[in-house]
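Chain residues, written in single-letter form:
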Amino acid sequence: MQDRTSGNFLHQQVTPVIDLTDPQAVWTDLIKCEQTHTINLRQSASQKHHISLRGMPLLQRITNPAQVPLVLHLDLHAKKQTAAGSIHIEGPINHVDLSWQGGDYLHQRSLKTDYKQLLVVPFTVLDNPNVAAQLQQLCERSLVIIYQANSRASSYASTYEHPPRTELTLDFRGDIVLHGLSDITALHLKHNNFVQAINCQKLMYVNGIAEQVRLNNCGENQLVFTGIQYLIDLTDCCIHRLTIENAELLGVRGKSYLDRADIPTHTKMTTMSMINGDVFPRINEGTLQQLLTQFEKAPAQQRDQAIRQLLGTVGNAAHSKAQLYGIRLLADLAKREPQYHSQILQARDDMLKTASNNMPSQHTHREWRFPADLELEGWQADVQLWCELTKTHPKEVDKYYRHHLLRFAHKPRVYYALVTVLLQNQQYQRLVLVLRNIDAEQRFNRVRRMALNSEVVMKAMRRLVLSIDRWPSSLARTVISHLFKRCDASDLPLLGNKLLSQAPQLTRKIALQMASQRPECRTTFMALALGTTPTQELSNV
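In this text the structure is predicted, and so the values were computed from the model without any measurement.

Caption draft 1: Seen up close, the overall build of the protein chain. In terms of regular secondary structure, the protein chain is built from 16 helices and 22 strands. The buried share among the 541 residues of the protein chain stands at 51%. Put simply, of all contacts in the protein chain between residues at least 6 apart along the chain, 43% involve residues at least 24 apart. Surface summary for the protein chain: the accessible area is close to 25900 Å², and the carbon and sulfur share equals 49%.

The following block contains the structure:
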């Protein structure tokens, strides 16, 4: 039967095989076709084809000769938990949601391409040779959903037949979803791409190699991961202890009672909601020094892995002293290992994010947390890192530092670090950029005012005056203009005399321009413009 919306409704068909041949159909509903074991989609409209089915206990296969993307809505409440209980569906498969006795699942992983195959398997038939053969024949672009129907009842009944299965080895290809496996305590991975376990409350151990492992509402007291997993994501896993041998990324969110985590120092936290950060390992100078030594001694074929571990750990450094040592280490590495500049910049950004996560909420910009007595050294190391990274990625690095560092250039220690390190490295054009940026900020942003009476600021200004006659003209002009704009009125006569002695023509020209811009210092500027020596008294007139 067909209705006006281009679909077919099949009810209580008694044939073992149903062929769908309507070229205009975009959906098919099949209800209580209790004798059917195969559905063949031979023709369909060119768009996605929706298939909804329920009450089909013997269904084993849906073929798709038409090669139309399928949207599947599967009600498996009537599915028999027998050797013929699995369902193999040919793709492309664009969407799948299913329900069964005691559970339901909607697959939400976003992919660039559709799945080529789908295999839906009741947990009770997983050991059947036919099902095992189907699993081994799957391709990489397959989806496998293994579910346990009415898990409490089946688990209770199985204790009278044989002990429940507690371990599962995933030695087949494709994305794998495990749902409601109530007795499973251990998973063994075999180079899997994507594994998701849902409502497997007794799961404690995950071992092997995988790209992604996502657990939802799994684990009773602890979870232990051994082997190598790139991403581990835990949602609503009410555990107290977490142990990870090797993972690049870790996310923890939702309900959690986590009070201890033994994880690699290089593992990067992607999400950490409602978790006390103190449960994760603290990174100190000794940790970083040990990893640096391992990198320096690593054979050529192991250096990439060693640098990932080192830089990953640097990115997680949260303590102020660890961040100071980390930024020094990055500056040194950038000088010695230019081939890793991109990774070093990423580690710098990761560490800055870690620092900001430990800041009070009123801080609106990401900022370092260096020890107060060593803050200047930290900023100088960061500017040195900027100089090194520009040797291989100048545009990218300049853009990054303009956004993340120059916004703090009005602060005395940052100002001093920028002036001294950029001069030392002969980064004259970048120093011009810094000084002009400060002048623009001072003009338009009253919040970011320089502390002109700071001794650190005055020391930096004196460094700018030294050897100004040997600098490029653009830098000399920018420096004189900057000093005249920022210098305190009481220091202006002495500073002006020094500039007159080293760069008389530029000094006189810029002093004349400044006479109208700083009326309170007009007399001093006019004296400098005439090439005469201003006095302290004149500057105060």
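Additional details are given in the paragraphs that follow.
Caption draft 2: Molecular detail of the pattern of salt bridges. If you walk through the whole model with that rule in mind, you get 23 salt bridges. As a salt-bridge pair, glutamate 375 and arginine 413 come within 3.9 Å of each other at their nearest N and O atoms. Pair noted here: glutamate 375 is in helix H7 (residues 375–389) and arginine 413 is in helix H9 (residues 412–424), with a separation of 38 residues, a long-range link. With a closest N to O distance of 2.9 Å, glutamate 455 and arginine 462 form a salt bridge.

Caption draft 3: Looking closely at the side chain of glutamate 367. Structurally, glutamate 367 is set in the loop between helix H6 (341–357) and H7. Using a relative accessible area of 12% as the deciding quantity, one classes glutamate 367 as buried. There is a polar contact of 2.7 Å between the side chain of glutamate 367 and the side chain of lysine 411.

Caption draft 4: Inspection of the environment of glutamine 108 at higher detail. Within the element layout of this structure, glutamine 108 appears in the loop between strand S10 (103–106) and strand S11 (115–122). Taking the C-alpha atoms as reference points, glutamine 108 and aspartate 97, eleven residues apart in sequence, are found 9.1 Å from one another.

Caption draft 5: Molecular detail of the confidence of the model for the protein chain. The predicted model of the protein chain averages 86 in pLDDT, with 89% of residues at 70 or higher. A low-confidence stretch, residues 444–449 stays under pLDDT 50, and its non-local contacts, those more than four residues away or across chains, total seven contacts.

Caption draft 6: Here's a closer look at the side chain of aspartate 439. Its location among the elements puts aspartate 439 in helix H10 (residues 428–444). In contact with aspartate 439, not counting residues within four places along its chain, are His482, Lys485 and Arg486.

Caption draft 7: Summary view of the pairing of strand S18 (residues 222–235). When you tally the buried positions in S18, you get eleven out of 14 residues, the bulk of the element. Where strand S17 (residues 205–216) lies against S18, eleven bridges are found, and the strand directions are parallel. Within the sheet, the bridge partner assigned to leucine 215 lies in S18 and is leucine 234. In terms of strand pairing, S18 meets strand S19 (residues 241–244) through four bridges, oriented parallel. What sits directly across from glutamine 222, in S19, is arginine 241. Relative to strand S20 (residues 247–253), S18 runs parallel, the two sharing six bridges. Bridge pairing in S20 links leucine 234 to valine 252.

Caption draft 8: Broad picture of the packing of aromatic side chains. Inspection of every chain in the model, using the stated rule, returns eight aromatic pairs. With 6.1 Å between their ring centres and 75 degrees between their planes, phenylalanine 295 and tyrosine 340 make a pair best called edge-to-face. Remark: tyrosine 340 occurs in the loop between helix H5 (320–336) and H6 and phenylalanine 295 occurs in helix H3 (residues 285–297); sequence separation between them is 45 residues. Between phenylalanine 484 and phenylalanine 525, the aromatic rings sit 5.1 Å apart at their centres with planes inclined by 75 degrees, giving edge-to-face as the arrangement. On the criterion of sequence distance, the pair formed by phenylalanine 484 in helix H12 (residues 473–486) and phenylalanine 525 in helix H15 (residues 522–529) is long-range, its members being 41 residues apart. Its relative accessible area of 0% is what places phenylalanine 525 among the buried residues. Counting every residue linked through ring pairs, the aromatic cluster contains Trp368, Phe370, Trp379 and Phe408.

Caption draft 9: Structural detail: the nonpolar core. In terms of nonpolar packing, the biggest core is built from 85 residues, with Trp386, Leu418 and Phe484 touching the most fellow members. Setting aside anything within four residues of it in sequence, one finds phenylalanine 484 in contact with Leu492, Leu499, Thr507, Ile510, Ala511, Met514, Arg518, Phe525 and Leu528. The next biggest cluster of nonpolar side chains, apart from the first, holds 42 residues, and it includes Ile146, Phe172, Leu250 and Ile263.

Scoring rules and cut-offs
- Residues numbered from 1 in each chain as written.
- Predicted model: local features only at pLDDT ≥ 70, side-chain atom pairs only at ≥ 80, totals over all residues.
- Heavy atoms only, no water.
- Helix = DSSP H or I, 4+ residues; strand = E, 2+ residues; numbered from the N terminus.
- Buried < 20%, exposed > 50% of the residue type's maximum accessible area, 1.4 Å probe, protein only.
- Contact = heavy atoms within 4.5 Å.
- Areas by Shrake-Rupley, 256 points an atom, 1.4 Å probe, with all protein chains shown as cover.
- Salt bridge = Lys/Arg side-chain N within 4 Å of Asp/Glu carboxyl O.
- Polar contact = N/O pair within 3.5 Å; in protein donor to acceptor, adjacent residues only side chain to side chain.
- pLDDT = per-residue confidence, 0-100.
- Pairing = 2+ DSSP bridges.
- Phe/Tyr/Trp six-rings, centres within 6.5 Å; stacked < 30°, edge-to-face > 60°.
- Core = buried A, V, L, I, M, F, W, Y, C linked by side-chain atoms within 4.5 Å.

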